[in-house]
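Report on the structure
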Amino acid sequence: MIRVRSFDTDVLVVGGGPAGLAAAYSAAQGGRRVLLVDENPTLGGQIWRGEWMAPRSLEAASWFDRVRRARVSLLTGVRIVAEVAEKTLLGESQDATYEFRYKTMILATGARERFLPFPGWTLPNVMGAGGLQALVKMGLPIRGKRVVVAGTGPLLLAVAAYLHAQGAKVLTIAEQASRSQVLSLARTLLRFPSKAWQAVLLRGQLWRIPYDLECWPISAYGEGSVQGVLLRQGSRTREIPCDYVACGFHLVPNVELALLLGCELRDGYVRVNEFQETSRADVFCAGEPVGLGGVDLALVEGQIAGYAATGRLDAARALFGRRAHWRRFASRLNRAFALRPELKSLPDARTIICRCEDVPFERLRGYSSWKEAKLQTRCGMGPCQGRICGPAVEFLFGWTVESHRPPIFPARVESLMWSPSLEQGGHP
Amino acid sequence: MSEIVSLKINGMPITVPSGTTVLVALLMNGIVGIRRSVTGERRGPLCGIGVCFECRVTINDQPHCRSCQILCQNGMDVRTE
């Protein structure tokens, strides 16, 4: 028997990170019914993961508090899998199916890490930088463990500082970006004082940990789980024994739900107007899916989306200046951590590219498109639906990876069999 | 504040603080290869946030549960491949 729980709301917010929380709070200020749905066990997104009951920053605490006091209904552990009718979405939790009817929707689906395959990256205990941080936030003991943090992006520094504070021995931070790019970013920070201060604090927390620029992992080794990693820096190769390799190459936006709803993308991001409205009427979008920008930009965009989605355009307009400020910062940041072409030669012939279907690099050479490669090799056809290998092959082969069909996550057959017309007493 | 939750991993009784995800419970009990890939490789978690499906396990006879997104509950029966 299928248990279907139905919800009717004025504003449906999907995603409970900073953008979604700010959007839900702002939308509720106009007196509308707001429902916030998130797939994680608790709210806060990735940056505030595990902090809902115990915030680690004043900013998180103040937003959690605002949302708790606003008239916002909260639902966690539920992911959206399909659109079943006009303005009706299907969701799933561990043990139930949900139907959400809404008038206006705000997408705040965040981002995930980009992973680039290298020999040994499929060994247990080689994981994302944010990935390892997420596990430690959820209780994984890390004290005394030797960790190499590698890849690219500002997340590496934040993760290293967090793991160090939790007692890990962070051996090195290998950042692939060039020295000149990182120095130029450091000069830019002077125009963003709060960010400059954060950088100073991070530097202080990390002062004994090497930050190796123009350095990247070329392979990981071990029996049963990782025992060490080889790092390349210029013409030099170093072997570092370790317990964990925490490796991510900046972020990719989660645009699957936006694509499912037919929202237009531009350069891989959801296209929005000045009020954060997508090409689809009544669907707004805020945070990483419209452009990687971090927590400050996500909070401003979320507020603009929340106000605009409830017709409070003046309140939304008042935030345009702050949004422009953080967008300038974001574009500098993303430029600094652009991927170097040498990383395209990291995989060898037998390196697994698609971890769901175990498709090695050598089987993917020679195809001209993602679609052709999928049909011939099953690359991207497993349960993650190309979320991990898609961004990798986009970089490695230059393929365009932009298609999604329902369900956007593996779903139970009984959920998919259910339709609103059946519920309303129609004949099956 | 921190209550204790009792569950079974591959038949072995364990206890963890409440709020611990199933994945973290597995890792804390020495299971780092969570599943076998289609060609038989041992795999551990990659993304930690419910995207990669590398940490999937069987919980109370329901297969393909992403252990990183599910909190441990009393009486849970968790099985790895």
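Data block above holds the structure.
Sequence positions are assigned chain by chain, starting from 1 and proceeding in written order. Throughout, the order in which chains and ligands are written sets their labels, letters from A for the former and numbers from 1 for the latter. Since the coordinates come from a predicted model, pLDDT governs what is reported: local features require at least 70, and pairs of side-chain atoms require 80 or more to be given and counted, while whole-chain, interface and lining totals use all residues. Processing note: side-chain calculations cover all non-hydrogen atoms of the structure and skip hydrogens and water entirely.

Strands are runs of DSSP state E lasting at least two residues, helices are runs of H or I lasting at least four, and both sets are numbered from the N terminus onward. What chain A contains, in helices and strands, is 15 helices and 21 strands. The atom set for the radius of gyration is the C-alpha atoms, and the globule formula is 2.2 Å times the number of residues raised to the power 0.38. Its C-alpha radius of gyration of 22 Å places chain A within 12% of the 22 Å reference for a compact globule of 428 residues. Accessibility here uses a 1.4 Å probe with only protein chains present; expressed as a share of the type maximum, an area under 20% marks a residue as buried, one over 50% as exposed, and anything in between as partly exposed. Here chain A, with 428 residues, has 57% of them falling under the buried criterion. Computed with a 1.4 Å probe, the accessible areas rest on the Shrake-Rupley method; for each residue, only the protein chains presented here act as cover. Within the structure as shown, chain A displays about 17,900 Å² of accessible surface, and the carbon and sulfur contribution to it stands at 51%. When charges are counted, Lys and Arg are positive and Asp and Glu negative, with His and the chain ends excluded. The atom standing in for a charge is NZ when the residue is Lys, CZ when it is Arg, CG when it is Asp and CD when it is Glu. Looking at charge distribution, chain A has the averaged site of its 53 positive side-chain charges lying 5 Å from that of its 39 negative ones.

This paragraph deals with the pairing of strand S12 (residues 215–221) of chain A. All names here are of chain A. Across the 7 residues of S12, 6 count as buried, placing the element largely inside the fold. Strands are labelled as partners when DSSP assigns at least two bridges between them. With 6 bridges joining them, S12 and strand S13 (residues 228–233) adopt antiparallel strand pairing. Within the sheet, the bridge partner assigned to Ala220 lies in S13 and is Val229. Counting the residues that bridge the hairpin from S12 to S13 gives 6 residues, and of these Gly222 lies at a positive phi of roughly 155°.

Attention now moves to the interface of chain B and chain A. Contact definition: two residues touch when any of their heavy atoms are within 4.5 Å. On the chain A side, the residues contacting the 35 residues of chain B number 38 residues. What counts as buried area is the accessible surface, traced by a 1.4 Å probe, that two parts surrender upon association, with contributions from both included. Across the chain B/chain A interface, buried area totals approximately 2,900 Å², and carbon plus sulfur atoms make up 60% of it. The rule for a salt bridge is simple: a side-chain nitrogen of Lys or Arg has to be within 4 Å of a carboxyl oxygen of Asp or Glu. The interface formed by chain B and chain A holds 2 salt bridges in total. In this structure, Arg43 of chain B and Asp358 of chain A form a salt bridge, with 2.7 Å as the shortest nitrogen-oxygen distance. Under the rule applied, a polar contact is a pair of N or O atoms within 3.5 Å (in protein, one hydrogen donor and one hydrogen acceptor; residues adjacent in sequence only if both atoms are side-chain atoms). The interface formed by chain B and chain A holds 10 residue pairs in polar contact (both at pLDDT 80 or more) in total.

On to the side chain of Asn40 of chain A. Looking at where Asn40 of chain A falls in the secondary structure, it is placed in the loop between strand S2 (34–38) and helix H2 (58–69). A polar side-chain atom of Asn40 of chain A sits 2.8 Å from a polar atom in the side chain of Gln69 of chain B.

Residues and elements named next belong to chain A. For strand S10 (residues 169–175), the buried fraction is high: 5 of the 7 residues fall into the buried class. Judged from the 6 bridges that link them, strand S9 (residues 146–152) and S10 form a sheet pairing that is parallel. Directly across from Val147, in S10, lies its bridge partner Val170. The handedness rule is simple: strands pointing away from the viewer, and a clockwise path from the first strand over the helix to the second, make the crossover right-handed. Since S9 and S10 lie parallel, the crossover through helix H4 (residues 154–165) that links them has a hand, and here it is right-handed. Bridging between S10 and strand S11 (residues 211–213) involves 3 bridges; their strand directions are parallel. Within S11, the residue paired with Glu175 across the bridge is Leu213.

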